[in-house]
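Structural overview
Now for the letters of each chain:
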Amino acid sequence: MIEIIPAIDLIDGKCVRLTQGDYDTKKIYSEDPLEVARSFEDNGIRRLHVVDLDGAREGRIVNYRVLERLAVRTSLVIDFGGGLKNDSDIKTAFECGAQMVTGGSIAVREPEKFADWLKRYGNEKIILGADAKNGKIAVGGWQETTDEALLPFIETYFQKGIRKVICTEISRDGMLQGADIELYKEILSALPEIYLIASGGVSSLADIERLEAAGVPAVIFGKAIYEGRIRLKDLRPFIDVSNN
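Report on the accompanying structure. Everything numeric in this text was worked out from a predicted model, so none of it was measured.

Reading guide: rules and limits
- Numbers given for residues are sequential positions, taken from 1 along each chain in its written order.
- Given that the model is predicted, a residue must reach a pLDDT of at least 70 before its local features are reported, and side-chain atom pairs must reach 80 or more before they are shown or counted; all residues, however, enter totals for whole chains, interfaces and linings.
- Only hydrogens and water are set aside; all other atoms, that is, all heavy atoms of the structure, feed into the side-chain values.
- We count a salt bridge whenever a side-chain nitrogen from Lys or Arg sits within 4 Å of a carboxyl oxygen from Asp or Glu.
- Per the convention used, a helix needs a DSSP run of H or I reaching at least four residues, while a strand needs a run of E reaching at least two, with both numbered from the N terminus.
- Only protein chains enter the accessibility calculation, which uses a 1.4 Å probe; a residue is then buried when its area is under 20% of its type maximum, exposed when over 50%, and partly exposed in between.
- Should any heavy atoms of two residues lie within 4.5 Å, those residues are counted as being in contact.
- For Phe, Tyr and Trp, rings pair up if their centres lie within 6.5 Å, where Trp contributes its six-membered ring, and each pair is then called stacked (planes under 30 degrees apart), edge-to-face (over 60) or tilted (otherwise).
- A ring is scored as having a charge over it whenever the NZ atom of a lysine or the CZ atom of an arginine sits within 6 Å of its centre and within 35 degrees of its normal.
- Here a polar contact is taken to be a pair of N or O atoms separated by no more than 3.5 Å, where protein atoms must pair a possible hydrogen donor with a possible acceptor and residues adjacent in sequence count only if both atoms sit in side chains.
- Summarising the geometry, the arc corresponds to the directions from the helix axis toward the C-beta atoms.
- Note on disulfides: each one is a pair of cysteine sulfur atoms within 2.5 Å.

In the structure shown here, the tally under the stated rule is 14 salt bridges. Close ionic contact of Glu227 with Lys27 constitutes a salt bridge, the shortest N to O distance being 3.0 Å. Of the two residues, Glu227 is situated in the loop between helix H10 (223-226) and helix H11 (236-242) and Lys27 in strand S3 (residues 22-30); the sequence distance between them amounts to 200 residues. The partly exposed category is assigned to Glu227, whose relative accessible area is 33%. Taken together, the shared-partner salt bridges in this structure form one network comprising Glu3, Arg47 and Asp79.

Let us now look at the side chain of Thr92. Mapping Thr92 onto the fold places it in helix H4 (residues 87-95). Sequence-distant contacts of Thr92, defined by excluding residues within four places in its chain, comprise Ile61 and Tyr64.

Here a ring pair, both rings aromatic, is described through the centre-centre distance and the interplanar angle of the planes. Scanning the model with the defined rule gives 5 aromatic pairs in all. Seen from their ring centres, Tyr29 and Tyr226 are 5.1 Å apart, and the 25° between their planes marks the pair as stacked. Of this pair, Tyr29 sits in strand S3 while Tyr226 sits in helix H10, placing them 197 residues apart in sequence. Grouped by ring-pair contacts, the aromatic residues Phe114, Trp117, Phe153 and Tyr157 constitute a single cluster. Across the ring face of Phe94, the terminal group of Lys125 is positioned such that the distance to the ring centre comes to 5.5 Å. Against the face of Tyr157 rests Lys160, its NZ or CZ located 4.9 Å from the ring centre.

Within the fold, Asn63 resides in the loop between helix H2 (53-58) and helix H3 (64-73). Judged by its relative accessible area of 6%, Asn63 falls in the buried class. C-alpha separation for the pair Asn63 and Leu10, spaced 53 residues apart in sequence, amounts to 7.2 Å. Apart from the residues lying within four places of it in its own chain, the contact partners of Asn63 are Leu10, Asp12, Gly13, Asp52 and Asp54. Looking at Asn63, its side chain comes within polar contact range of the side chain of Asp52, at 2.8 Å.

Val66, Leu67 and Leu70 are the residues of H3 that are buried. With its buried residues spanning 105° around the axis, H3 presents them on a single face. When the buried face of H3 is taken as reference, the exposed residues oriented beyond 90 degrees from it are Arg65 and Val72. Its buried side turned inward, H3 meets strand S1 (3-11), helix H1 (33-42), strand S4 (47-52), strand S5 (77-81) and H4.

Next up on the list: the state of the cysteines. Counted by the stated rule, this structure contains 0 disulfides. Note on Cys15: no disulfide assigned, nearest cysteine sulfur contributed by Cys96 at a separation of 19 Å. Among the residues examined, Cys15 registers a relative accessible area of 0% and is labelled buried. Residue class for Cys96 comes out buried when judged on its relative accessible area of 8%.

As a further point, take H1. When H1 is considered as a whole, its buried residues turn out to be Pro33, Leu34, Val36, Ala37, Phe40 and Glu41. One side of H1 carries all its buried residues, which in axial view fall inside an arc of 160°. Opposite the buried face of H1, by more than 90 degrees, sit the exposed residues Glu35 and Asp42. Close packing links the buried residues of H1 with S1, strand S2 (14-19), S3, S4, H3 and H10.

A few words on unusual backbone geometry. Of note in this structure, Asp12 is not a glycine but carries a positive phi near 55°. Along the chain, Asp12 turns up in the loop between S1 and S2. On the basis of relative accessibility, which here comes to 57%, the residue Asp12 falls in the exposed class.

Attention now goes to the side chain of Asp79. Tracing the backbone shows Asp79 in strand S5. Judged by its relative accessible area of 0%, Asp79 is buried. A polar contact of 3.4 Å, which involves the side chain of Asp79, links it to the side chain of Thr102. Once residues within four sequence positions are removed from consideration, Asp79 is found in contact with Ile5, Arg47, Leu48, His49, Val50, Met100, Thr102, Ile127 and Ile166.

Here you go:
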């Protein structure tokens, strides 16, 4: 059963969503991320993906107090990303209650440091963020596209011990036009041992079902919930089975 992971993206401490990573498209869905997180928890969800969009843009962790509030006042298992650039940032994230952290830009720009985090904290706590646009890795809150090809990038870190990978197809993110199933099939065909977490484009339960049929272990989505395309109660069949 595919693992269901709702997302909360943070700007100025508020729950927002962007389209294709463009900060100018910001839409605020809630002034209180804790209220949103509790609604997920009340519907049986156990995992939460939290992204510090301020941190991703500024290159430092910013919304750590919101993370702490979510961790202290819910029982959700939280993975946190955005702005993790040094040892102090990752220490803050864990101290504020993240059970896992996701590194994307740092894995591209400072591979030795990211590899050190992987060695120090283990591959259950360190997730590789592989965010791609037209097959190339993007960094800095998706504001910069590199020359690094997606699959070789993931393969390199697999060899270093990474097992959990969040892969976002940026062109689909926030578009509500369906996930890039073929991309995820390609990754899993090359690296069947990774715990691949699909992200970007999910618009309906049917999209989740297609990902599950393709063998994708987990999926992150947010806008489809906030826009009413997916109702939390409709996720129960996935949640109830995966929690047993």
